[in-house]
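Structural characterization, general
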Amino acid sequence: MLVQPLLPGDTLHNLGFDESVMMVGAAGKLMDGLGNEKPREVTVDELKARFFVLGTQVGIAVQMFVFSVVIMVLAYDDATGAIYELSTIYYPLFRGLFMICFFFCCYGVNLFVWKRYGIDYRAILGVSYAHNYHLMMRASFMVMSLVFGSFVLYVLTLRTPRLSSGLDLPSKHIWPATALVGTLMLVAWPRDLMPEWNDCAQRGKLFYSLLRILVSPLFPTNFAATFIADVLTSMPKVFSDLLFTACVYSNDSWRTVEWDRELGELTHRSRVSQCSNDNPTYAAIYFCTAIAPFWLRLMQCCRGFRDTRERKHLYNALKYCTSITVVTLSLYANSSDSIKSAWYAASIISTVYALVWDLKMDWGLPVCSIGHVQSLVFGSSLKHSSMTGHAASHSLKFYNGNLQKERLYPRHFYTIAAGTNTLARLGWAVYISPGQHVVQQHVVLLLGCVELLRRAQWAAIRLEWEQLNREVKREASEMAANDKAVQLWREHNHEMLKRTFLF
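Residues numbered from 1 in each chain as written. Predicted model: local features only at pLDDT ≥ 70, side-chain atom pairs only at ≥ 80, totals over all residues. Heavy atoms only, no water.

1. Details of the overall build of the protein
Tallying secondary structure elements over the protein gives 18 helices and seven strands in all. Here the protein, with 503 residues, has 45% of them falling under the buried criterion. Restricting to contacts in the protein with at least 6 residues of sequence separation, those with at least 24 account for 67%. By element, 64% of the accessible surface of the protein is carried by carbon and sulfur atoms, the whole surface being about 26,500 Å². (Helix = DSSP H or I, 4+ residues; strand = E, 2+ residues; numbered from the N terminus. Buried < 20%, exposed > 50% of the residue type's maximum accessible area, 1.4 Å probe, protein only. Contact = heavy atoms within 4.5 Å. Areas by Shrake-Rupley, 256 points an atom, 1.4 Å probe, with all protein chains shown as cover.)

Here's what the structure looks like:
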């Protein structure tokens, strides 16, 4: 049923729009013959309005980010000590929340790209029709507005002296608490905030998936679970930032530590030191938090090998073992030069290992043959290869036995992705190492954003490669079934002929 009839021939599919972005609300769901909810078509005017709102929200989010950078620059004021108080107490809180919002924005772009190039992410990830880029971008904008708004108000409160009239400004601690509590309420709200996309059910499914990942060795894993766990390996700093925030709120250091303008230093710094590696209990929890994403992914690999006996799971598990080694050595790198040298060596090995795995196993790109690489970059034609391109075509072709599949993205996208993935991996070891002193902590935010962009790019090609592999396996299975049927038919005819002659 259409909300408003279109002109003859003006179907959304013919006009190139995403026909599944609009869903009927709870009061008017469309159901298919099996009782499942299905999408409906909407008018072009309604889609234009939706895209206008979406574009406006994205533009406002970019402006908020730029304004926040300006506010950070203004916070460098020795008179008020705003930057010192911010970096000591609440900077990890805002950094962690921002990186979460940033990744979901990147994931929304991924959903748009997958839809644009015909990648059936719903079947691969096991999500509903309501799971689309409109939902992701709007939800990210909602949380990002709350976080950025609280951050700006907090810094302005730090820089503004008390009013001489006796009226005090709002407590500076209100704004970080608003960002944290508000985000938790939005994420855990038990009702739909956007009913047309059933966001409550989708949030519940995400929480269930995360719970299954936490007990990975106990249950068989699927592609969606490994995909989410891979994303978590790009966010270890988020978990350590949230751990620091929980520690600060638990020991009341958030109320006692502040900048003393007369002394020109922070007061009660000893309470903050309880939330550092100087505290053995905190150091142990911090270490577990730092390696947790890689450990969970390692457990998934072990479970995958137990279920399938495929050696690729062992090689993948070795990759995460090298990552855990990098994280562990970084915590003790400052104790001796030998451990620091071991950390450098482990970082190089882990980075190269992860890079080759990304290109070869996760993306299906050639990395071992010079001829194949030339085919990828220059488009030269090769007759016998697992991945080759043709000069007359703008796309790559994937060969598996007698089956041929064409890669879905333009050829140059793979070349650019391989180069940017390599560059982004250069700072990856520094980013995941909690004890490193190579760069300042405020640079970690930049490295984190680069890593999340790399992960979004990885996800774009990873799902495409998974879809191609599934199509090849399905077609190979159909060919095998047909060959089996032909063989049975021949055997049957041969038996009938034998009986005829014997008779």
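2. Here we look at the packing of helix α5 (residues 133–159) against helix α6 (residues 174–188)
One way to put it is that α5 packs onto α6 with a least axis distance of 8 Å and a crossing angle of 170°. With respect to α6, the element α5 is oriented roughly antiparallel. Contacts between α5 and α6 involve Met-142, Val-143, Leu-146, Val-147, Ser-150, Leu-153, Tyr-154 and Thr-157 on the former and, on the latter, Trp-175, Pro-176, Thr-178, Ala-179, Gly-182, Thr-183 and Leu-186. Grouping the constituent residues of the contact of α5 with α6 by class yields 10 nonpolar, five polar and no charged. (Axes fitted to C-alpha atoms, helices over the stretch in contact; angles between N-to-C directions. Parallel < 35°, antiparallel > 145°, perpendicular 65-115°, else oblique. Nonpolar A, V, L, I, M, F, W, Y, C, P; charged D, E, K, R; others polar.)

3. Some thoughts on the packing of aromatic side chains
Applying the stated criterion across every chain, the model contains 20 aromatic pairs. Geometrically, the ring pair formed by Tyr-409 and Tyr-414 is tilted, given 6.1 Å between the ring centres and 55° between the ring planes. For Tyr-414, a relative accessible area of 0% corresponds to the buried category. Members of the aromatic cluster, connected to one another through ring pairs, are Phe-103, Phe-104, Tyr-107, Trp-114, Tyr-121, Phe-223, Phe-227 and Trp-458. (Phe/Tyr/Trp six-rings, centres within 6.5 Å; stacked < 30°, edge-to-face > 60°.)

4. As for the pattern of salt bridges
Evaluation of the coordinates by the stated rule reveals 13 salt bridges. A salt bridge links Arg-462 to Asp-362, with the shortest nitrogen-to-oxygen separation between them at 3.6 Å. On the criterion of sequence distance, the pair formed by Arg-462 in helix α18 (residues 441–502) and Asp-362 in helix α14 (residues 337–362) is long-range, its members being 100 residues apart. On the accessibility criterion, Arg-462 (14% relative accessible area) is buried. With a relative accessible area of 9%, Asp-362 lands in the buried category. (Salt bridge = Lys/Arg side-chain N within 4 Å of Asp/Glu carboxyl O.)

5. Side note on the UniProt feature "transmembrane region" (unreviewed entry) in the protein
UniProt marks residues 51–76, 96–114, 135–154, 174–194, 206–229 and 279–296 with the feature "transmembrane region" (unreviewed entry), using the numbering shown here. Between the end C-alpha atoms of residues 135–154 the distance is 29 Å, and the span holds 100% helix and 0% strand. Span residues 279–296 is 94% helix and 0% strand, its end C-alpha atoms 26 Å apart. (UniProt positions renumbered as here; feature names shortened; annotations may be inferred.)

6. Structural notes on the nonpolar core
Membership of the largest hydrophobic core comes to 91 residues, with the highest contact counts inside it found for Leu-86, Phe-94, Tyr-107, Trp-114, Tyr-154, Phe-227 and Leu-463. It is helix α3 (residues 82–116) that provides the largest number of residues to this core, a total of 17 residues. In contact with Phe-94, not counting residues within four places along its chain, are Leu-86, Val-147, Ser-150, Phe-151, Tyr-154, Pro-176 and Ala-179. Formed by five residues, the second largest nonpolar core is a distinct cluster that contains Ile-213, Ala-225, Ile-228 and Ala-229. (Core = buried A, V, L, I, M, F, W, Y, C linked by side-chain atoms within 4.5 Å.)

7. A word on the packing of helix α7 (residues 199–214) against helix α8 (residues 223–232)
Following both chains from N to C, one finds α7 and α8 inclined at 80°, their axes separated by 10 Å at the closest point. By the angle class used here, α7 and α8 are roughly perpendicular. Contacts between α7 and α8 pair Leu-206, Ser-209, Leu-210 and Ile-213 from the former with Ala-225, Ile-228, Ala-229 and Leu-232 from the latter. Partitioning the contact of α7 with α8 into residue classes produces seven nonpolar, one polar and no charged.

8. Structural notes on α8
The buried count for α8 comes to 10 of 10 residues, which makes it a mostly enclosed element. Along α8, the positions that sit buried rather than exposed are Phe-223, Ala-224, Ala-225, Thr-226, Phe-227, Ile-228, Ala-229, Asp-230, Val-231 and Leu-232.

9. Brief notes about unusual backbone geometry
Located in the positive-phi region is Asn-198, a residue other than glycine, with phi close to 50°. For Asn-198, a relative accessible area of 13% corresponds to the buried category. For Arg-309, which is not a glycine, the phi torsion comes out positive at approximately 60°. With respect to the element layout, Arg-309 can be found in the loop between α12 (280–308) and α13 (311–331).

10. Topic: a nonpolar patch on the surface
Nonpolar side chains collect at one region of the surface, where Val-58, Val-62, Val-66 and Val-70 lie side by side and expose about 300 Å² of accessible area between them. For Val-66, the location among the structural elements is in helix α2 (residues 44–74). Residue class for Val-66 comes out partly exposed when judged on its relative accessible area of 46%. (Patch = residues over 30% accessible without salt bridge, like charges linked within 9 Å, V, L, I, M, F, W, Y side chains within 5 Å.)

11. Describing the state of the cysteines
Considering all chains together, one arrives at one disulfide under this definition. Between the sulfur atoms of Cys-247 and its disulfide partner Cys-275 the distance amounts to 2.0 Å. Disulfide Cys-247 to Cys-275: torsion about the S-S bond roughly -90°, handedness left-handed. In this pair, Cys-247 is assigned in helix α9 (residues 236–250) and Cys-275 in the loop between α11 (269–273) and α12, connecting sequence segments 28 residues apart. Residue Cys-247 shares its accessibility class with Cys-275, and that shared class is buried. (Disulfide = S-S within 2.5 Å.)

12. Topic: the environment of Glu-196
Assignment of secondary structure puts Glu-196 in the loop between α6 and α7. Using a relative accessible area of 19% as the deciding quantity, one classes Glu-196 as buried. Separated by 61 residues in sequence, Glu-196 and Leu-135 have C-alpha atoms that sit 9.2 Å apart.

13. A short note on the side chain of Asn-110
Residue placement: Asn-110 occurs in helix α3. Judged by its relative accessible area of 5%, Asn-110 falls in the buried class. Within the structure, the side chain of Asn-110 is placed 2.9 Å from the backbone oxygen of Ala-456, a separation counted as a polar contact. Aside from chain neighbours lying at most four places away, what touches Asn-110 is Ala-456, Ala-459 and Ala-460. (Polar contact = N/O pair within 3.5 Å; in protein donor to acceptor, adjacent residues only side chain to side chain.)

14. Looking at the environment of Phe-104
Structurally, Phe-104 is set in helix α3. Between the C-alpha atoms of Phe-104 and Tyr-133, which are 29 residues apart in sequence, the distance is 9.7 Å. Apart from the residues lying within four places of it in its own chain, the contact partners of Phe-104 are Met-136, Ser-140 and Leu-206.

15. Let's talk about the confidence of the model for the protein
The pLDDT averaged across the protein works out to 77; a share of 68% of its residues lies at or above 70. Below a pLDDT of 50 lies the segment residues 163–167, which in the model reaches zero contacts outside its immediate sequence neighbourhood of four places, other chains included. Segment residues 369–393 is flagged for pLDDT under 50; beyond a separation of four residues in sequence, or across chains, it makes 52 contacts in the model. (pLDDT = per-residue confidence, 0-100.)

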